[in-house]
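# Reading the structure
Next come the chains, spelled out residue by residue.
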Amino acid sequence: MKEKTDSFASQLLTLVFPIAFQQFMLALVSASDTFMLGALAQDALSAVSLASQIAFVENLFLAAMTIGLSMLAAQYWGKGNRAAVEKILAYVLRVSLLISCVFFLAGLLVPQGIMRIFTNDPGMLADGAVYLRTVSPSFLLTAISQVFLCTLKNSGRAGQASLISSVGVVVNIALNALLIFGLVGFPRLEIAGAATATVIARLTEVTWCILESTRKNSIRLRFSFLLRPEQSLRRQFWTYTLPVLGNEIVWGVGFTMSSVIMGHLGSDAAAANSIASVVKNLAACFCVGLGSGGGIMVGNQLGAGQTSLAKEYGKKLCRMSILCGVASGLPILLLRPAVLSVTTLSGQANRYLNWMLVMCSYYMVGKSVNSTTISGIFCAGGDSKFGFLCDAVTLWCIIVPAGFAAAFLFHLPVLVVYFVLSLDEMIKLPAVYRNYKKYRWVKDLTTKEHDL
């Protein structure tokens, strides 16, 4: 038993913590965009926050692709089948690039049309269009980097993936300062500067990922697999990924509707919501890392045929998720005065933000448990349909209709609307617990009939 405990602790240190740190660094980019653009003008902050929703929607599709990759790659890596992992990498990269082309062309060609979905304010429409047109190449680059980084995490190199991503973040933040404000001789590009920094940072990640894949003993991108994917691989991938894609779209579009609702409640509401989202994302980094890394840990054991050990890992991860949620929520409460003191919002927006942060603090517990179970443990064993059904009911039958009614039918105060929109994670918890106890997620996906 001590050996099993040591193995679990070792994997937490080498897998979960690097992924959590990577998530934290990624969240820092949004934080730097928010606070630097907020120093320019509140409307600039609101415009970029709304324009960034197209990147958020793209990331929903990419998240589904990488979760599908992770489900299969973690188990095949646990089984020791390197060739299968390389085939999965090539196929997922091919699909991800095709998807990202749509977002690239939309951002480049019809940026104002996209912005009209989120706001009817002329100033925010113009600023958001500038941002989208400039940032559009990053949509293609992100597809490449995310697939390679996911493969590194699933092949025992989570630390290297974290390093690459972190360097990209440092480049992004540094260029944000130089290009937004025109420091040390750089041109002052303001909103376009933030977008340009993002493109250069993603290019840095892609270059490093490609070089990393050429190293000895690395999982390689083989063009024969890229051009001619196997029928059995495609069938297996989509069997488990389609429910994930449905889940990401259902959840993500529902989440985006929250931004749409808040964006139509005025600049103060949109600005406060954007900063609350940044703080929430920073606080949730370890929760997301626990889910992502925990899913790989469970998937490795399932692929190796260690179902009892996989169940034991799942139990420990669930307990940790509750503690993690509490530990993530408390700093939000404690650091509220500091956050409010560094923002340049109007008095009304600051009042909104204060109470939004209070609501974010208890939201973290539900977020942590659901990230660990739905996105991690359940998907590790191919139980990807539950998340789709859970979010479809929670968001589209309860939260989104209630949010629209609160905002536009009953014209309730902004904070009441935000409270309604923040209930989704808590509502899911009873159904998540019941599904966990059924153990439908304890499944080996690498059986002979599915072997590649």
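Residues numbered from 1 in each chain as written. Predicted model: local features only at pLDDT ≥ 70, side-chain atom pairs only at ≥ 80, totals over all residues. Heavy atoms only, no water.

### A short note on unusual backbone geometry
Backbone geometry places Asn217, a non-glycine residue, at a positive phi of 70 degrees. With respect to the secondary-structure elements, Asn217 resides in the loop between α9 (191–213) and α10 (223–227). Take Asn217: its relative accessible area is 59%, and that puts it in the exposed class. Notably, Tyr439 is not glycine yet its phi reads approximately 60 degrees, a positive angle. You can see Tyr439 is positioned in the segment after α19 (424–438). (Helix = DSSP H or I, 4+ residues; strand = E, 2+ residues; numbered from the N terminus. Buried < 20%, exposed > 50% of the residue type's maximum accessible area, 1.4 Å probe, protein only.)

### A look at the state of the cysteines
Scanning the entire structure with this criterion turns up 0 disulfides. Cys324 takes part in no disulfide bond, and the closest cysteine sulfur to it belongs to Cys287, at a distance of 3.6 Å. Accessibility expressed as a relative area gives 7% for Cys324, which makes it buried. The thiol of Cys397 is not disulfide-bonded; the next cysteine sulfur, from Cys390, is found 11 Å away. By relative accessible area, Cys397 is classed as exposed at 56%. (Disulfide = S-S within 2.5 Å.)

### Here we look at helix α12 (residues 267–283)
Between its first and last C-alpha, α12 extends 24 Å over 17 residues, near the 24 Å set by a 1.5 Å rise per residue. The element α12 is extensively covered by neighbouring structure, given that 13 of its 17 residues are classed as buried. (Expected span 1.5 Å × (residues − 1).)

### What about the packing of aromatic side chains?
The tally for this structure, following the rule as stated, stands at 11 aromatic pairs. With a centroid separation of 5.6 Å and an interplanar angle of 85 degrees, the aromatic rings of Tyr91 and Phe237 are classed as edge-to-face. Here Tyr91 is found in helix α4 (residues 82–109), whereas its partner Phe237 is found in helix α11 (residues 231–263), with 146 residues between them in sequence. Classification of Tyr91 as buried rests on a relative accessible area of 7%. For Phe237, a relative accessible area of 1% corresponds to the buried category. Members of the aromatic cluster, each reached through a chain of ring pairs, are Tyr91, Phe237 and Trp238. Directly above the aromatic system of Tyr439 lies the positively charged group of Lys311, at a separation of 4.2 Å from the ring centroid. (Phe/Tyr/Trp six-rings, centres within 6.5 Å; stacked < 30°, edge-to-face > 60°. Lys NZ or Arg CZ within 6 Å of the ring centre and 35° of its normal.)

### A closer look at the pattern of salt bridges
Counted by the stated rule, this structure contains 8 salt bridges. Lys87 is the partner of Glu230 in a salt bridge, and the nearest nitrogen-oxygen pair spans 2.6 Å. Here Lys87 lies in helix α4 and Glu230 lies in the loop between α10 and α11, a separation of 143 residues in the sequence. Classification of Glu230 by relative accessible area gives partly exposed; the value is 31%. (Salt bridge = Lys/Arg side-chain N within 4 Å of Asp/Glu carboxyl O.)

### Looking at α4
Over its 28 residues, α4 runs 41 Å from end to end, which matches the ideal 40 Å to within 8%, given 1.5 Å per residue. Here α4 starts with a cap whose side-chain oxygen sits 3.1 Å from the backbone nitrogen of Ala84, and that cap is Asn81. (Polar contact = N/O pair within 3.5 Å; in protein donor to acceptor, adjacent residues only side chain to side chain.)

### Some words on a positive patch on the surface
On the surface, Lys311, Lys315, Arg319 and Lys437 cluster together to form a positively charged patch. Of all the elements, helix α14 (residues 307–334) adds the most residues to the positive patch, at 3 residues. Considering the arrangement of structural elements, one finds Lys315 in helix α14. For Lys315, a relative accessible area of 34% corresponds to the partly exposed category. (Patch = residues over 30% accessible without salt bridge, like charges linked within 9 Å, V, L, I, M, F, W, Y side chains within 5 Å. Areas by Shrake-Rupley, 256 points an atom, 1.4 Å probe, with all protein chains shown as cover. Lys, Arg positive; Asp, Glu negative; His and termini not counted. Charge placed at Lys NZ, Arg CZ, Asp CG, Glu CD.)

### Considerations on a nonpolar patch on the surface
On the surface, Ile322, Val326, Leu330, Leu333, Leu334 and Leu335 cluster together to form a nonpolar patch covering roughly 570 Å² of accessible area. Since its relative accessible area comes to 47%, Ile322 is described here as partly exposed.

### Things to note about the confidence of the model for the chain
Per-residue pLDDT for the chain has a mean of 87; in total, 96% of the residues score no lower than 70. The spread of mean pLDDT over the elements of the chain runs between helix α1 (residues 2–40), the lowest at 72, and helix α18 (residues 414–421), the highest at 94. (pLDDT = per-residue confidence, 0-100.)

### A short note on the environment of Met320
With respect to the secondary-structure elements, Met320 resides in helix α14. Through-space distance from the C-alpha of Met320 to that of Ser368 is 9.1 Å; in sequence the pair is 48 residues apart. What Met320 contacts, discounting residues up to four positions off in sequence, is Phe8, Leu12 and Leu290. (Contact = heavy atoms within 4.5 Å.)

### Notes on the packing of α14 against helix α16 (residues 347–380)
The N-to-C vectors of α14 and α16 enclose an angle of 160 degrees; their axes lie 8 Å apart at closest approach. Judged by the inter-axis angle, α14 sits roughly antiparallel to α16. Seen along the crossing, α14 lies across α16 with a hand that is right-handed. Of the residues in α16, those touching α14 at Gly314, Leu317, Cys318, Ser321, Ile322, Cys324, Gly325, Val326, Ser328, Gly329, Ile332 and Leu333 are Leu357, Val358, Cys360, Ser361, Met364, Val365, Ser368, Val369, Thr372, Thr373 and Ile377. A class-by-class count of the residues in the contact of α14 with α16 yields 14 nonpolar, 9 polar and no charged. (Axes fitted to C-alpha atoms, helices over the stretch in contact; angles between N-to-C directions. Parallel < 35°, antiparallel > 145°, perpendicular 65-115°, else oblique. Left-handed = near helix turned anticlockwise from the far one by under 90°. Nonpolar A, V, L, I, M, F, W, Y, C, P; charged D, E, K, R; others polar.)

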